[in-house]
Amino acid sequence: MTLVRFLATRLATLAFVLLAVSFLTYALFVLLPADPAQLACGRPCTPERLETARAFMGLDKSVVEQWWDFLRGVFAGRTFGSANATLTCPSPCLGYSFVRNAPVTELIVGRFPVTASIAVGAAVLWLVVGVGAGAVAAVRRGTALDRGLMIAAITGVSAPSYLVGLLGILLFGFTLDMVPVAGYVPFATSPVDWAWHLVLPWTVLALLSAAIYTRLTRSQMLEELGSPYVRTARAKGLSERRVVTRHALRNAAVPVVTLFALDLGVLLGGTVITERVFSMPGLGALLMEAVGATDVPLLVGVTVFTAALVVVANLAVDVVHGALDPRVRHGGSSR
Amino acid sequence: MTGTTHQGGQPLLEVEGLSVVFDDAATPAVDRVSWTLRPGRVTALVGESGSGKTVSAMAVLGLLPDTARVAGSIRLGAPDGGATELVGASGGTFRDVRGAVLSLVSQEPMSAWNPVLTIGDQVAEAVRAHLTGPSRLSRRAAHARVLELLAEAGVDDPVRIAAAYPHQLSGGQLQRALVAMGLSQDPVAIVADEPTTALDVTVQAGILDLLRRLRDERGTAVLLITHDMGVVADLADDVVVMREGRVVEAASVGELFAAPRDTYTRTLLAAVPRLGETAAGADAAVRPSRPEETAVVLDGVTVTYGGRHPVVAADDVRLEIGRGEVLGLVGESGSGKSTLGQVVAGLLRPGSGRVVVDGVDVARASRRERAALRRSTGVVFQDPASTLNPRWTVAQSVGEPLRLHAALDARAQEARVRELLDLVRLGPGYAGRYPHELSGGQRQRVAIARAVALGPAVLVADEPTSALDVSVQAHVLDLFRDLQAELGFACLFVSHDLAVVERVADRVAVLRSGRVVESGPTARVLREPADPYTRALVAAAPVPDPEAQAARRTARAGAPA
Amino acid sequence: NANAPDPTGGETTAVQQGGELHILTSSTSINWDPATSQNLAITTLGLVERRLTSWRTGPDGTTEVVPDLATDTGTPSDDGATWTYTLKDGLTFEDGTPVTSADVKYSVERSFAPELSGGLGYHKGLLEGGDDYSGPFDGDELDSIETPDDKTIVFHLDSAYGDWPWIVSMPAFGAVPEDQDDIGTYTTDPVATGPYRVAETVEGTSVTLERNPEWDPGTDDARTAGPDSIVFELGQDETVVAQRLIADSGTDASAFGASFVPPAQLAQVQQGPAKDRLVTSGPGALAYLAINTEAEGLDDVDVRTAISLAVDKNAYRVAAGGEISGDFATTLVTPGIPGREEYSNGVNDAAPEGDVERAEQLLEDAGWSGRELRLVVQDDAPNLARAQAIQQGLERAGLTVKIVPQAADVWTETVTQGDGSGYDLTLSSWQPDFPSANGNIQPLFHSSQVGGGGYNLARYDNPEADELIEQATEETDADAAAKLWVEADKLILGDAPVVPLIYTKNSFLHGSKVENFRIPDFPAYPNYLQVSLSR
Amino acid sequence: MSIDRSAEMVGPATPAVTGSPTHRASLWRRLARDRFALAGGVVVVAYALVALAAPLVTRALGVDPYTYDLDALGPTGAPAGPAGGISSEHWFGVEPLTGRDLLAIVVMGSRTSLLVGLGATVVSMVVGTVLGLLAGYFGGWVDWVVARLIDVLVGLPALVFMIAIGAVAPGWFPRLLLLVLVIGLFGWSSIARVVRGQTMALRSAGFVRASRALGASPAHVLFRQVLPNLAATIVVFTTISIPGAIGAEAALSFLGVGVPPPTPSWGRSIGDAVTWFSVDPVYLIFPGLALFGITLAFNAFGDGLRDALDPRSAAPRRRKGGAR
Ligand SMILES: Nc1ncnc2c1ncn2[C@@H]1O[C@H](COP(=O)(O)OP(=O)(O)OP(=O)(O)O)[C@@H](O)[C@H]1O
Ligand SMILES: Nc1ncnc2c1ncn2[C@@H]1O[C@H](COP(=O)(O)OP(=O)(O)OP(=O)(O)O)[C@@H](O)[C@H]1O
Ligand SMILES: [Mg+2]
Ligand SMILES: [Mg+2]
């Protein structure tokens, strides 16, 4: 398959998913017995005012119409209101948030760096920790070390992230006064502060996800270590470390990587709880605001954005997957 | 005779009273075995399939699974006269020994490779394994060396093979690559476990010459595990015969062939098929072969594998197999035999050409027809190890076709499975085992049992006896003929062992780089071959007699094929 | 009343100047547009935007409406339907241009525009022709607002309205210069008239205010403008905020939390050293259990009375955080509202634990069907805790209650829209937008407030009560009005459409450097305008 | 016939292996041999029993998760006395703000939590595995569809959708079932992706081709040939996702999708307890331990199962050194 065709199909996919996601999210608000105009109605709220608000927010139109407007907006941009008092939302317009009185795109662009910082850092951390621990556990299979790592991993999954975050703040933030407890410093402002403020969130998030990676890596490694080619590798007189890393791990990595890209994709869509505990103004927080205020345009915007990230992540999965496993790349040929 | 100069050189490996027992196994896989390996000499380990050859070799390299318990002593002699005990040695000791001192060419090449790395990388890794500091080669240097080694091991297209992944190569190509890897660190001793099973005789001869040269020029010691008496006669200095885990006889090759003492050794030698010994076609008449009714038609079949280096594995092949007829398919490794096999089995759609099996055009067949076809075609794959589900017991694997197609209740099924296992000389004890608990030959027999379970109308047998010792092989071949007589199935019999082919095949087709260069009645093709390549093949086939074999070798050296 | 003792004593005496005040809030953005804001006069917006009138809170907890942009709190015409205001001299925007009555008029008018709905809109229903006016943007004006000259502004109301001075303290009655009005950006950078102006806004993170040099303290007796700058830290988690303020380290020493201290931390603070930095309001908003008077069986006043008696106010208060979270409520008009009267009707003064026997008796006599009652509440932890307290209370009297948690906006929809068929009981609390019994009773019990977004959650519809409410509303004489309101209170509570549970006390934490952090009796919320920092 | 002939010629070619295990028997033996796994299994069963008999247990202990005990609380609503109000009548202490008995809550809560935790996990594992297998094996449009399903699913704001579902689900619909379905159906994407990937690799394995050559139906190949080789992965995901599901149950119960309070559930207790941690840590400890215990048990058991299912792996004992 040529690169061009590959990309073409991928773009088509992307388009499809975004259409589906955006439509579903719009449709959702037919289901949801809550009225986005409620907030815009003000106090005291009269039925008439509710109507005006609805009309202005375009809620009187049918779902499909609203959805269509949204799609048009993405390319053409949108304007609201009357001639000499207009709210403009330049393309790519992912909708206009009346609650926040700002174009959704603007909001997302403002928030994404925060979430990205949290997500990527944490992801790297847990990948290293998780895979490392998993590999060690597999090699030292059945020993105390193995058990220890497993118990640690499980503590990781079963502890609620909110708790871990809070404890982190109490312990490292106040008691030990080692790291700042809250807030986000843009990388541009000061890389050091940036990292410094992110240490806790990274650790907390990593702690939670590292578990599954540890377990998955461990079991995959055990599978691989039992297979004949590992014997061949040993027969060459390779050091055990090389046998484990280059041969067993290389094969064990395939599912891990698959999972990783997906998780990262999702994480980039926002890390609700972590962002809340550490008061990081990321996409997760934004989504929560949107939910709290039934801010449909914002909700749809963030959702679509997240979905896009996920699709890209999956693309990455497939590429990496092919790179890691030739049998997959060659469409599982006759051998 | 060559190698004698090294006679009496102090032993490199001294195995004494070695025993190996696996968990859950009542009897030891290896039972108080003793033998020695001397520098500059080739010791052949022959014997029944499942007699403990591989296991004892693995014990030497410390590569047995954790379920194995090892007893006895294995002493590795060092040049300075000292000796290291390997039984219960530390991982570190083994690491230093493996590859550099003792290298391994393992059985079943197809599962021995890491599926996600290229052949080149894996060999290069071996090249650099023990080199450290300044002596460590650069990647480029290592790669060059790899190509060299591959060429030495008789690989015709090193660049492509090095760049290929295991699943893209033929059994023989993988095996030769394995040999190359075994030589890569010019070890003091090579443990070669069935190094030529998947190789056609010409290539086999090449490999044997290579080993011989190493022995003579570098004084390398070789532990040669094989079931092919021809190979033994060709290369070995000393022979150790094993059976049921014990050594039944050990002697120099001359004595052994001249005056075998043990009865089993005698049966073994007696069972060796010799080229030209069976009056071919003699019993072909007996067989219910009705060539006028064709069961399989290949018409202008062409198969090309894509990829960076496209390969034409089958090039406008035309073949016919009549009902009850056995077509022997011989030819050099990588010539496309397995590919054709898969085409007939319906596992591979040819790029062009017509395939008719059992009267059905595979390309046009409806789903139902195709299902019916599958039911009526049996396949013995070249590499049994990889075609057995690692999580299934022998009984499950053999029982699968029954579950799929025969309406049998559990008991009847179990009975049938035992029957089938017994046909291939595997006792009921093996029913509950997993593939990794079997020897190469045992796995192969499981595969055969599975293939014939439903009494197929068409059988594709890809090197079905490559890993079987001659006695079992003889048995399986008999079985084969009996079944054939019973069921009268048409058979595509792929093998590189001309003697075997001669024994079972009515007609023979010779394949070279995807083309049929010659085909006709077995007798004709093997007695007075027309095509030069066929002639080379016949000339290269080793005979189980040291003297004769030596003579042939010199003759062949004179007249290049 | 836990108000911080005021060293300086007098209201207007200058407070400590300087320092950077931090306000830790859970909200993630600040909306500075007066038309769409629902801010109280004494909080965020008040720091930047002045209105015709404002509120001044005394150290004794009283709250009075005081002139802000205007010279007085307004002079009504004899019929009380026309109110006239005159602007003070020397008022300017942050850019130095003078504030004129036209700017005020425009500010009010734009609040009618559909583009800018969502604010406090009491005036929209009161001003003549307000109902069919839709903002100044397509050129037409609201004739019921006159500006005879740059200093004078006159409001014509449909009918007399005694609390108008409070109405004009709402955000919309500030001043917006038409030529600088861009509705797309006014939310983030308004034109300041108050002591501070918006210096910097970091989306989702912080908003920083700096002094507005054009502001003249002489013209302003509502604001003391202590700190040199004020930083709002946005999107803060309540629990974390509490922890930070307890720790009181770094800039947190000169910070206070804008949201209530959650029950858990409240307990924590009361045990710890931070206790004396905890400020608790007097009894403020009314927390009540609304009984859907239209629901099957609940239309029977005896059943409702039984429910009122079965409720366990004590369990409720504990669930809300114990004694510190409020006093038991007996009336609809909340403490701190002028003219409030304690009274007893034999039900409202039962023991906090309730009177289960009487309740059972009443139910029996009323022949209660024993059907399951749906208690619809918002799905946050505090509300659910309280709901369970109510549930176990009622079940003591053999009433079966099913708690139905709903997301905030779904809840709003269920209880304020449609035919109210979705609930039998619900929990709510009401903080009036201006300190008058009017703001206390009218929105909750006037039949016009049933459904359609109104907050008459009991769906209480009693012509007699409506009559009384309208009468009281039109009364411009405060004392006379107060009497009428008390009457209304008694009348309504007699029908037991709601069960007054507690007058909630709100507790706030502040850092050790924060001074003059006071919470008046109304509203039960700190007065941002007077907070200052010690050296 | 021929067999006999060669028989006396060659003799029995097999060491008489006696009492050779059939694979299933050996599975249990292997499991039983792994003490860690065994312990896990026992604990799991114990939990299950307690959950089933919860009402009896609480009655036997003379506690009840619904009755308030305000006397056990201090003026602030926090449990009176140290250690979360642990006393002779409240062994685990009491819940802040209500004074309900924590022991009773933990015991009764096990019903909700186990049911939801396991139910949801099963749902997502089954859905994920099946879809993953299909996608990986058939590739082409099947794969495309599944992949897109995943994209959309993951892209959607699960939380919001759950609220919506909770709000629109008809009253007669059993809440617990709804909970199980919602959590399950939003949680299958990662397992599906991973299974898909591994299936793609296995598709080309020799034994799969062999089975196909025998005319096995795709169903047979997928579920009999491929699936067993995915056991490890599935076990891991299952054991790991249980605590997640239990946590989600708490969140959703708040959002009105789940079992409304006061029905006890660990998830909710833990959720509440977190905010109380600095005041009343004991409140968190008991529900927390309950959850941790079951998770640990499941993982231990899962590990054992994984090993038992992999014939190549030796029994954990005698693991030292081995052949390296
Ligand atoms: N991992 C294992 N567990 C249990 N039994 C095993 C294991 N590996 C090998 N065996 C048994 O040990 C015996 C010797 O096996 P081995 O592989 O040495 O045979 P072999 O001589 O190499 O035969 P072949 O020529 O067929 O390869 C066989 O009976 C085999 O079933
Ligand atoms: N999946 C594949 N992709 C690319 N090339 C392949 C693939 N499979 C086989 N080939 C190539 O096709 C040629 C024929 O392979 P095939 O396995 O049919 O040879 P063969 O006759 O069976 O050899 P052998 O006797 O060694 O098994 C070889 O050169 C091999 O490298
Ligand atoms: Mg072997
Ligand atoms: Mg082949």
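Residues numbered from 1 in each chain as written. Chains lettered and ligands numbered in written order. Predicted model: local features only at pLDDT ≥ 70, side-chain atom pairs only at ≥ 80, totals over all residues. Heavy atoms only, no water.

Student: Any chance you could explain the site of ligand 1 here in plain terms?
Tutor: Residue and element names in this part refer to chain B. Around ligand 1 there are 22 residues in total, and S49, G50, K53, T54 and G441 lie nearest to it. When isolated, ligand 1 has an accessible area of 630 Å², and the protein chains bury 94% of it. Elements with a contribution of two residues or more to the shell around ligand 1: α1 (53-61) and α16 (440-452). (Near = heavy atom within 4 Å. Areas by Shrake-Rupley, 256 points an atom, 1.4 Å probe, with all protein chains shown as cover. Helix = DSSP H or I, 4+ residues; strand = E, 2+ residues; numbered from the N terminus.)

Student: Which parts of the structure should I look at to understand the coordination of the magnesium ion (ligand 4)?
Tutor: Residue and element names in this part refer to chain B. Summarising the metal site, the magnesium ion (ligand 4) is bound by the protein donors S338 (OG) and Q382 (OE1), whose distances to it range over 1.9 to 2.0 Å. On the criterion of sequence distance, the pair formed by S338 in helix α11 (residues 337-345) and Q382 in the loop between β16 (377-380) and α13 (384-387) is long-range, its members being 44 residues apart. Residue classification places Q382 among the buried positions, given a relative accessible area of 14%. (Donors = N, O, S within 2.8 Å, 3.2 Å for Na, K, Ca; no water. Buried < 20%, exposed > 50% of the residue type's maximum accessible area, 1.4 Å probe, protein only.)

Student: Hey, could you run me through a nonpolar patch on the surface in this one?
Tutor: Together, F16(A), W141(D), W144(D), V145(D) and L149(D) give the surface a local cluster of nonpolar side chains, amounting to about 530 Å² of exposed area. If one sorts the elements of the nonpolar patch by residue count, helix α6 (residues 140-155) of chain D sits on top with four residues. As for its placement among the helices and strands, F16(A) is situated in helix α1 (residues 3-31). Under the relative-accessibility criterion, F16(A) is labelled partly exposed at 37%. (Patch = residues over 30% accessible without salt bridge, like charges linked within 9 Å, V, L, I, M, F, W, Y side chains within 5 Å. Salt bridge = Lys/Arg side-chain N within 4 Å of Asp/Glu carboxyl O.)

Student: Is there a simple way to explain the interface of chain B and chain A in this structure?
Tutor: Interface size is commonly expressed as the accessible surface area that is lost when the partners come together. With 35 residues of chain B at the contact, the number on the chain A side is 26 residues. For the pairing of chain B and chain A, the buried interface totals around 2700 Å² over both sides, and the portion due to carbon and sulfur atoms is 55%. When the buried area of chain B at its contact with chain A is split by residue, V116(B), E125(B) and H167(B) rank highest and sum to 26% of it. Viewed at the interface, chain A and chain B are joined by four salt bridges. Here R246(A) ties to E125(B) by a salt bridge, and the two come within 2.9 Å at their closest N and O atoms. Counting across the chain B and chain A interface gives eleven residue pairs in polar contact (both at pLDDT 80 or more). Secondary-structure elements contributing two or more residues to the side of chain B that touches chain A are α3 (119-129), α6 (171-183) and α11 of chain B. Of all the elements, α3(B) adds the most residues to the side of chain B that touches chain A, at five residues. Residues belonging to the side of chain B that touches chain A are distributed by class as follows: 17 nonpolar, 13 polar and five charged. (Contact = heavy atoms within 4.5 Å. Buried area = accessible area lost by both parts, 1.4 Å probe. Polar contact = N/O pair within 3.5 Å; in protein donor to acceptor, adjacent residues only side chain to side chain. Nonpolar A, V, L, I, M, F, W, Y, C, P; charged D, E, K, R; others polar.)

Student: Just to check I follow, could you spell out unusual backbone geometry for this structure?
Tutor: Across the junction of F522(C) and P523(C), the peptide omega takes the value -15 degrees, indicating a cis bond. Within the secondary structure, P523(C) is located in the loop between β20 (514-515) and β21 (532-533). The phi dihedral of R32(B) falls on the positive side, at around 45 degrees, and the residue is not glycine. Mapping R32(B) onto the fold places it in strand β2 (residues 30-37). One non-glycine residue, S513(B), adopts positive backbone phi at about 35 degrees. Along the chain, S513(B) turns up in the loop between β19 (507-512) and β20 (515-521).

Student: Can you walk me through the nonpolar core in this structure?
Tutor: Proteins that are soluble and globular tend to have nonpolar side chains buried together. Counting residues in hydrophobic clusters, the biggest one holds 169 residues, and the most contacted among them are W126(A) and W266(D). Per-element accounting of this core gives the leading share, 15 residues, to helix α8 (residues 191-225) of chain A. Non-local contacts of W126(A), meaning those with residues more than four positions away in its chain, are made with V131(A), L205(A), A206(A), S209(A), A210(A), Y213(A), F260(A), D263(A) and L267(A). Formed by 124 residues, the second largest nonpolar core is a distinct cluster that contains W32(C), V176(C), A225(C) and F522(C). (Core = buried A, V, L, I, M, F, W, Y, C linked by side-chain atoms within 4.5 Å.)

Student: Please explain helix α7 (residues 201-218) of chain B as it appears in this structure.
Tutor: An α-helical segment advances 3.6 residues per turn. Residues three or four places apart therefore align on the same side. Residues and elements named next belong to chain B. Its 18 residues place the ends of α7 25 Å apart at the C-alpha level, agreeing with the 26 Å of an ideal helix rising 1.5 Å per residue. For α7, the full list of buried residues reads V201, V203, Q204, A205, I207, L208, L210, L211, R212, L214 and R215. One or two steps after α7, the chain reaches G219, where phi turns positive at roughly 65 degrees. (Expected span 1.5 Å × (residues − 1).)

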